[in-house]
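Chain by chain, the residues run as shown.
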Amino acid sequence: MAIGYLLIQARTAHDAVPLSGVQVRITDMDSNTLYVLTTDENGETPVISLETADKSFSQTPYFNGLPFTSYSVFAQKTGFDSLFVTDIPIFDGETAVLPAALTPMQQTQREPVTREIFVGKPAVAMRDTSEQEGTYVEPRILRQVVIPNPITVHLGTPSSNAQNVRVSFPEYVKNVASSEIYPTWPEASLTANIYAIITFALNRVYTEWYRSRGLNFDITNSTAYDQYFVQGRPIYDSISRIVDKIFNEYVRRKGHNAPYFTSFCNGTTATCQGLSQWGTVTLANQGLTPIQILRSYYPNDIEIAETEIVTGILSSYPGTALRVGSTGLDVQTIQTYLNRIRRNYPAIPAITDEAGVFQDSTRAAVTKFQNVFNLTPDGIVGKSTWYKISSLYTAVTRLAELDSEGGALGIGTVPPNSILRQGSSGPDVITLQYLLDIISEYYPEVPGLSQDGIFGSGTRQSVVAFQRAMELNADGIVGPLTWKALYNTYQGITQNVPSQKPDETDTFQYTVQPGDTLWLISRRYGTTVDAIKRLNGLTGDMLYIGQVLKIPSSQTGGYREYTVQPGDSLWLISRRFGTTVEEIMRLNGLTGDLINVGQVLKLPYGN
């Protein structure tokens, strides 16, 4: 028998909180226990080896059996609902990484419930027919190609009354590729298929294929209409590495901006006018490159384009990899991000290099981060590492901000007596929106929302999603039962999720530049003049160029970047990020209130 590998990562809140001490049991399909494991401080188990079928069986369309062996995983931890993932395909030489996202138990819940996920065979092995429809022409709806981060996926056919889930775009693409094709295929074949998957999704977003019809999602997981997606399934390393490199690249025709409609099918039990998944294997074995493979199925004038507009990411990739010897603000940004992330992931070593200078301790922190998050551990911050660090920094700081907001709002333990519905406004609506916002971090089917105190259509959608998740009457009205469920869920989160309190003694170093003053530095890094003076033993305000200061990293440093979303206004953005309209306008050189979807704004960090 051949050997494949399995790694379980138990994390929650978009990976912001690793769950240590999770008990994991791996069984074969006859329910025989093969391994009993416990997750470490990073929420990880050791990588285990499992017997499977030979790789050659998965590289030919003529093999009648299944070219893999399936296993099951059961994960449990005190204070959390359990997870049972069945029929996980393990392939020869491939590492499957299972994200065990455990959900906190509610406050009044006496026993954990078990959430079950069935994985099963990839779509390429299914006999379903495809009815993918789309547009090949330049649409009139969106002007720019934007990576939707997160993307909203409907778990059913377009007309079904199924749940929606929000998933980061790179993780969505990894999931679809792992669900559609075999990870053992040649790299050129995998890459061509992944380009088709990325572009298909971006075409749905760019043309607002579903949203223009009044539906509240971007794409479905139905193979009959879109592409296969299995919520909570494992991801294969060979696929993950490619997606990390190209997730913001897509196929378009020369002279056009729109993502091409890259339809596809397996090419054996189903045929179509687009890409043949099995056909890409044959072409890759003949030595064709990914773009040559794509041009074999789509017009000859297609090309690979790249977009730097990634929603939900604070800082775009600078375009040049950072490594030992690099200097500047981009290095300092990564150092600041990693120093904040290590509070949640203490296995990442502290960075002791001078601020903005990439030396040995920065490389050590980058390498450990890459190991923890399944990236190539080369100590170099390329595109994939940059975006993963930025994404995780966003997750951990957002969670910290929500925790802080909860204390400021004084949520308490007793729900309000009010009955809220669309059109309501006021303090109780802000409380409702806050509760839904923090619950959305742990329940991907509940969309997050801005806290503006107005019960609009977005708030109603979030309420309905929460009611469905709690098996309540999904009427979008917040009465006593919904208030009770909201408070039980929120209090379960606060009681059961491990505390991620920041270490107030954490600092990073900053080298004084020409024109700097203590006041300017304190404003830039969201701290105070007194805090800097106290930390550095200063008795006056005098600074000199080249002086190295310690800055409290408990106040997150640097400017963040924010990509404007549909429905945003300067006032809403300022409230969400703890700043003012005037400050945003000043930082960005704005003379009026008009902003555009996809526009990237600089935002100061709030206190």
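For the structure itself, look to the data block above.
Residues numbered from 1 in each chain as written. Predicted model: local features only at pLDDT ≥ 70, side-chain atom pairs only at ≥ 80, totals over all residues. Heavy atoms only, no water.

J.: Let's hear about the overall build of the protein: which residues, and what values?
T.: In terms of helices and strands, the protein carries 15 helices and 21 strands. Taking 607 residues into account, the globule formula puts the C-alpha radius of gyration at 25 Å, and the protein, at 25 Å, falls close to it. Here the C-alpha coordinates of the protein stretch approximately 80 × 60 × 55 Å along the principal axes. Sequence-distant contacts in the protein: of pairs separated by 6 or more residues, those separated by 24 or more amount to 69%. As displayed, the protein has an accessible area near 25,500 Å², and 48% of this comes from carbon and sulfur atoms. For the protein, the distance from the average site of its 46 positive side-chain charges to the average site of its 57 negative ones is 3 Å. (Helix = DSSP H or I, 4+ residues; strand = E, 2+ residues; numbered from the N terminus. Rg over C-alpha atoms; globule rule 2.2 N^0.38 Å. Contact = heavy atoms within 4.5 Å. Areas by Shrake-Rupley, 256 points an atom, 1.4 Å probe, with all protein chains shown as cover. Lys, Arg positive; Asp, Glu negative; His and termini not counted. Charge placed at Lys NZ, Arg CZ, Asp CG, Glu CD.)

J.: Summarise the side chain of H154; cite the residues concerned and give the values.
T.: Within the secondary structure, H154 sits in strand β10 (residues 151-154). Engagement of the side chain of H154 in a polar contact is seen with the backbone oxygen of T157, the distance being 3.2 Å. A distance of 3.0 Å separates a polar side-chain atom of H154 from the backbone oxygen of S160. Those residues within four positions of H154 in sequence are excluded, and the remaining contacts are S160, A162, Q163, N164, F217, I219, T220 and N221. (Polar contact = N/O pair within 3.5 Å; in protein donor to acceptor, adjacent residues only side chain to side chain.)

J.: Break down helix α3 (residues 237-246) for me, with residues and values.
T.: Counting buried positions along α3 gives eight out of 10 residues, so the element sits mostly inside the fold. Looking at α3, one finds that the buried residues are D237, S238, I239, S240, I242, V243, D244 and I246. (Buried < 20%, exposed > 50% of the residue type's maximum accessible area, 1.4 Å probe, protein only.)

J.: Explain unusual backbone geometry to me, and be specific about the residues and the numbers.
T.: A cis geometry characterises the amide bond from N149 onward to P150, with omega recorded as 20°. You can see P150 is positioned in the loop between β9 (114-118) and β10. Positive phi is not limited to glycine here, since D15 has a value of about 75°. Judged by relative accessible area, which is 25%, D15 ranks as partly exposed. Even without glycine at this site, N374 takes up a positive phi of about 60°. Relative to the helices and strands, N374 resides in the loop between α7 (360-372) and α8 (383-409). Judged by its relative accessible area of 21%, N374 is partly exposed.

J.: Help me get a handle on the pattern of salt bridges, residues and values and all.
T.: Taken as a whole, this structure holds 14 salt bridges when the rule is applied. Here D218 and R211 are joined by a salt bridge, their closest N and O atoms 2.7 Å apart. Put simply, K383 and E306 hold a salt bridge, and the shortest N to O gap is 3.6 Å. Linking K383 in helix α8 with E306 in strand β17 (residues 302-306), this pair joins segments that are 77 residues apart in sequence. Here K383 falls in the buried class, since its relative accessible area comes to 13%. We classify E306 as partly exposed; its relative accessible area is 43%. Salt bridges sharing common partners tie together E171, K174 and D244. (Salt bridge = Lys/Arg side-chain N within 4 Å of Asp/Glu carboxyl O.)

J.: Lay out the side chain of S222 with the relevant residues and their values.
T.: You can see S222 is positioned in the loop between β12 (219-220) and β13 (235-236). Given the relative accessible area of 11%, S222 is considered buried. Not counting residues within four places of it along the chain, the set of residues in contact with S222 comprises G156, T157 and Q227.

J.: I'd like a description of the sheet that holds β10, backed by residues and values.
T.: Overall, mixed pairing links the three strands, which are arranged β11-β10-β12 in an open sheet. The strands lining the two open edges of the sheet, one partner per strand, are β11 (164-167) and β12. Where β10 lies against β11, four bridges are found, and the strand directions are antiparallel. Paired with V153 across the bridge in β11 is V165. (Pairing = 2+ DSSP bridges.)

J.: Give a description of the sheet that holds β9 that names residues and reports values.
T.: If you trace the five strands from one edge of the open sheet to the other, you get β4-β3-β6-β7-β9, paired in mixed fashion. Each edge of the sheet is formed by a strand with only one pairing partner; in this case those strands are β4 (33-38) and β9. Shown here is a sheet whose adjacent strand axes are inclined to one another by a mean of 20°, direction ignored. In the sheet, strand β6 (residues 69-76) pairs with strand β7 (residues 82-90) via six bridges, with the strands oriented antiparallel. Across the sheet, the residue bridging to A75 is L83, located in β7. (Axes fitted to C-alpha atoms, helices over the stretch in contact; angles between N-to-C directions.)

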